[in-house]
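Secondary and tertiary structure notes
What follows is each chain in one-letter form.
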Amino acid sequence: MYLQDITRTLVTYTDHVTRVFSTKDNLIQVMPWESAAASAIGISTSQLRYVLSLFLALFVGAGIRFIKGTRVRHLYAAVTGLLLVYYPFGSGVLQVAPPAVLTYLVMLLLPRHCGVLAWLINFPYLIWLHVINASGVSNNQGDLDFLGGDMVLVLKLISLAVCYQDHFKAAAQLSEFQGSHLVVALPSPLEYTSYCFGLGNLLAGPFLEYAEYSSFIQLQGVWDTAASRHVPVSVGLGIQRLGEALLFMALHVVLIEKLGWGISSHFWFRDDSYKSLPLLQRLGCQVVCGFAHQLKYYFVWKMAESAATFSGLNFSGWGEDGKPVWGRCCNVHFFGMWLSEYARDVPKHWNIGTANFLKRYVFDRVVPSSGKSGLQHLLITQLVTAFWHGVYPGYMIFFVGTVFYLNAARVIFKVEQWFPAALRRSLPWTAIKIMWTDVAVCYMAMAFVILEYGKSLEVHRDVLYLPHIIMLLLFVVGLVLPSPRRGGKKHGSSSNKED
C-alpha cells in the first residue's frame, strides 16, 4: 500500500507539472495569420513559431552590435533570448527554472562541490522531462516541446558549475583547457540569466563555454573594441549561412514531403517495393533516409550560426594570414561530415558543440590520469549522450552502436598501416573509407530516427545487420592484429574539411 501511495503521488505530481509546463499555455495567442500560414505550408503552428523565432534571432543578434555597455548587453541578451523561446514554447519555458535555480544555489552555497552537484541535479531532471514529455515521438508528429532548449541548458549549467568548481583545484590538477576556462567568480544573477538565455541560444544551440560568452558580452578578448583590429562586419557571411540553411530546409522538404523518404506518416520499410530490393539497394535506401532526416538539423544549426555571425559571437579571431576566422558557433560542417575518412572525425563535424562538451566534461574526466583511454571510457561517454537525447530504445541502440563504430575506425587505421604507402594514400582506398563511414552511420541512425525498439531492429534486420557484423569483425581483428613496427601518424590526424 505504501508503494502504491508513492506511485499515485508521483503520478499526480507529474500530471500537475505537465500542465504547468505546457507549451499550449501562451500569453501570445495564436493569430489568424499564423494559423493560415501554418495550414498553407503544412506544418503545425508550434513549428511555424519556432521557425519564425529562428529568423527573429538574426535581427536580435545584429542588434547587440549597437550596444556597448556590459550590463545593458547582458540585459538585452537575457530579455530577447527569453522572448525568442517564449514565443513558440509558452509556459514550457518554465522547465528551465528548477535546474537553473538549484544549480545557482549550489554554486553559491557549496562551490567546492557544485560541479558534481550540478550533474546530480540537471541530468536526472532532464531524463525525467524526457519521460513525461515523450518528445521524440511528439516531434516526429510535428508537436514541438521545449526539450531541445532544456538539453542545451543542461550542458551550459553543468559546464559552468564544473568550471567554477575547478578554480578551487591546484593548477597541477588541471588540463590546459580547464586552466584557461576557469570561472573564478560567481556570476551575478543577471550574468547567469544572460548566459542561460543569451540571444535565443536555447532555440538550437550550440553549447558555448561561459568564459567565451562572458568575454563576448564584456567586449574582451577577440571582441575587444580597444584592439587594433575590430570584429569585422559580417553581413555577407551571415547571409551566406542563412542561404545554406534555407537550401538544407528545401532539400529536406523535397526528400521528406515530396519524394516520401520520411517515416512518420508512412513506415515504408514494410512495403513490398522495398522488401523486394537487393540487399545493397535496401542499405542505400537507409542512407538516403538518414540523409533526408539529417537535413532538418543542418537547417536549424545553420540558422543559429547565421544569428551568431550577425552578432559577432561566431568570430574566432584573426588567422596567421591576417584574415578573420569565423566558426566559434558552427555546429556542423556539411562536407566535413560526408567526407570523413574515419568515424572518429565525424564528431568534429556533426553537433560540434555537444561533442565538445562530451569530450571536455565526460570523456577527458573519466579517463585516468595516465591518459590511457579504453572502450569502457568511450561507452560511458556514449551512454551519457544517449540519455541526454532521451530514454527511447532507439537512442540506446544508436549510441551503444557508435562505440563499435568508433572502435572500428581505430582498427581500420591500424590495419592500413600494414598497407604500402601508395595504397594508403590512393583515391580508391580513401573513397572506400568515406563510403563505409557514411553508410554505417546512416544505417545506425535509423534507430535514432525510428526510436521504437521493434521497428529499429526490423530495419536493421532488413539488411542482415551487415554494418554491425563488419564492426564486430573489425573489433576481433583489432584484438589479434599486432601493430606494425614502422611509425605512423596518430589516428584522427586527417585534416578537417570545412564546408
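Predicted, not measured: the structure shown is a model, and the values here were computed from it.

Structural notes on the pattern of salt bridges
The final tally for this structure, using the stated rule, is 16 salt bridges. Across the salt bridge formed by Arg241 and Glu305, the nearest N and O atoms sit 2.9 Å from each other. With Arg241 in helix α12 (residues 235-258) and Glu305 in helix α14 (residues 279-311), this residue pair connects regions lying 64 residues apart in the sequence. Comparing Arg241 with Glu305, the two get one shared label, buried. Of the charged contacts in the structure, one is a salt bridge between Lys302 and Glu305, with a shortest N-O distance of 2.9 Å. Of this pair, Lys302 and Glu305 are both found in helix α14, three residues apart, which corresponds to roughly one turn of the helix. In this structure Lys302 comes out as buried when scored by relative accessible area, which is 1%. Relative accessible area serves as the criterion here: at 2%, Glu305 is assigned to the buried category. One salt-bridge network, in which partners are shared between bridges, spans Arg241, Glu244, Lys302 and Glu305.

A word on the nonpolar core
Counting residues in each nonpolar core, the largest one holds 119 residues, and the members touching the most others are Leu54, Val85, Leu202, Leu203, Tyr298, Phe357 and Tyr405. If we ignore the near neighbours within four places in the chain, the residues touching Leu202 are Val85, Val96, Phe146, Gly148, Gly149, Val152, Leu153, Lys156, Cys196 and Phe197. Core analysis: the next-biggest nonpolar cluster, separate from the first, contains 11 residues, Ile263, Trp268, Cys289 and Val449 among them.

Brief notes about helix α4 (residues 70-89)
Between its terminal C-alpha atoms α4 stretches 28 Å, which fits the 28 Å expected from 20 residues at 1.5 Å a residue. The complete set of buried residues in α4 reads Arg73, His74, Ala77, Ala78, Thr80, Gly81, Leu84, Val85, Tyr86, Tyr87, Pro88 and Phe89. Against the buried residues of α4 lie α2 (32-41), α3 (45-63), α10 (189-197) and α11 (210-217). Positioned one or two residues after α4, Gly90 has a phi angle of 55°, which is positive.

Looking at the environment of Phe357
Turning to its location among the elements, Phe357 is positioned in helix α16 (residues 352-366). Phe357 gets classed as buried once you look at its relative accessible area, which sits at 2%. When the C-alpha positions of Phe357 and Phe310 are compared, they lie 24 Å apart, and in sequence the two are 47 residues distant. When near neighbours in sequence (up to four residues on either side) are disregarded, Phe357 contacts Trp119, Leu155, Ile158, Ser159, Phe207 and Val362.

Describing unusual backbone geometry
Glycine aside, negative phi is the norm for most residues, and most peptide bonds take the trans geometry. With an omega of 0°, the peptide bond between Gly205 and Pro206 qualifies as cis. Summarising the element assignment, Pro206 is placed in the loop between α10 and α11. Not every positive phi belongs to a glycine, and Leu219 is a case in point at roughly 55°. Turning to its location among the elements, Leu219 is positioned in the loop between α11 and α12.

Notes on α10
Within α10, burial applies to Tyr192, Ser194, Tyr195, Cys196 and Phe197. One or two residues past the end of α10 sits Leu199, with phi positive at roughly 60°.

Quick notes on the packing of α12 against α14
When two helices pack together, you describe them by how their axes are tilted relative to each other and by the distance separating the axes. It is at 8 Å that the axes of α12 and α14 come closest, and there the two elements cross at 160°. Our classification of the angle between α12 and α14 gives roughly antiparallel. As α12 packs across α14, the resulting crossing turns out to be left-handed.

Quick look at a nonpolar patch on the surface
On the surface, Val101, Leu102, Leu105, Leu108, Leu109 and Leu110 cluster together into a nonpolar patch covering about 540 Å² of accessible area. Following the sequence through the fold, Leu105 ends up in helix α5 (residues 97-109).

Some points on the confidence of the model for the chain
With 92% of its residues at a pLDDT of at least 70, the chain reaches an overall mean of 91. Predicted confidence in the chain is weakest over helix α7 (residues 135-140), with a mean pLDDT of 54, and strongest over α10, with 98. Predicted confidence for residues 488-499 stays below pLDDT 50, and this span has 28 contacts to residues more than four positions away or in other chains.

A few points about the packing of aromatic side chains
Counted by the stated rule, this structure contains 38 aromatic pairs. Taking the centre distance of 5.5 Å and the plane angle of 70° together, the rings of Phe398 and Phe448 count as edge-to-face. Pair noted here: Phe398 is in helix α18 (residues 393-416) and Phe448 is in helix α20 (residues 427-450), with a separation of 50 residues, a long-range link. For Phe398, a relative accessible area of 11% corresponds to the buried category. Classification of Phe448 by relative accessible area gives buried; the value is 18%. Of the aromatic side chains, those joined through ring pairs into one cluster are Phe248, Phe291, Tyr297, Tyr298, Trp301, Phe334, Phe335, Trp338 and Trp350.

Reading the values: rules and limits
- Residues numbered from 1 in each chain as written.
- Predicted model: local features only at pLDDT ≥ 70, side-chain atom pairs only at ≥ 80, totals over all residues.
- Heavy atoms only, no water.
- Salt bridge = Lys/Arg side-chain N within 4 Å of Asp/Glu carboxyl O.
- Helix = DSSP H or I, 4+ residues; strand = E, 2+ residues; numbered from the N terminus.
- Buried < 20%, exposed > 50% of the residue type's maximum accessible area, 1.4 Å probe, protein only.
- Core = buried A, V, L, I, M, F, W, Y, C linked by side-chain atoms within 4.5 Å.
- Contact = heavy atoms within 4.5 Å.
- Expected span 1.5 Å × (residues − 1).
- Axes fitted to C-alpha atoms, helices over the stretch in contact; angles between N-to-C directions.
- Parallel < 35°, antiparallel > 145°, perpendicular 65-115°, else oblique.
- Left-handed = near helix turned anticlockwise from the far one by under 90°.
- Patch = residues over 30% accessible without salt bridge, like charges linked within 9 Å, V, L, I, M, F, W, Y side chains within 5 Å.
- Areas by Shrake-Rupley, 256 points an atom, 1.4 Å probe, with all protein chains shown as cover.
- pLDDT = per-residue confidence, 0-100.
- Phe/Tyr/Trp six-rings, centres within 6.5 Å; stacked < 30°, edge-to-face > 60°.

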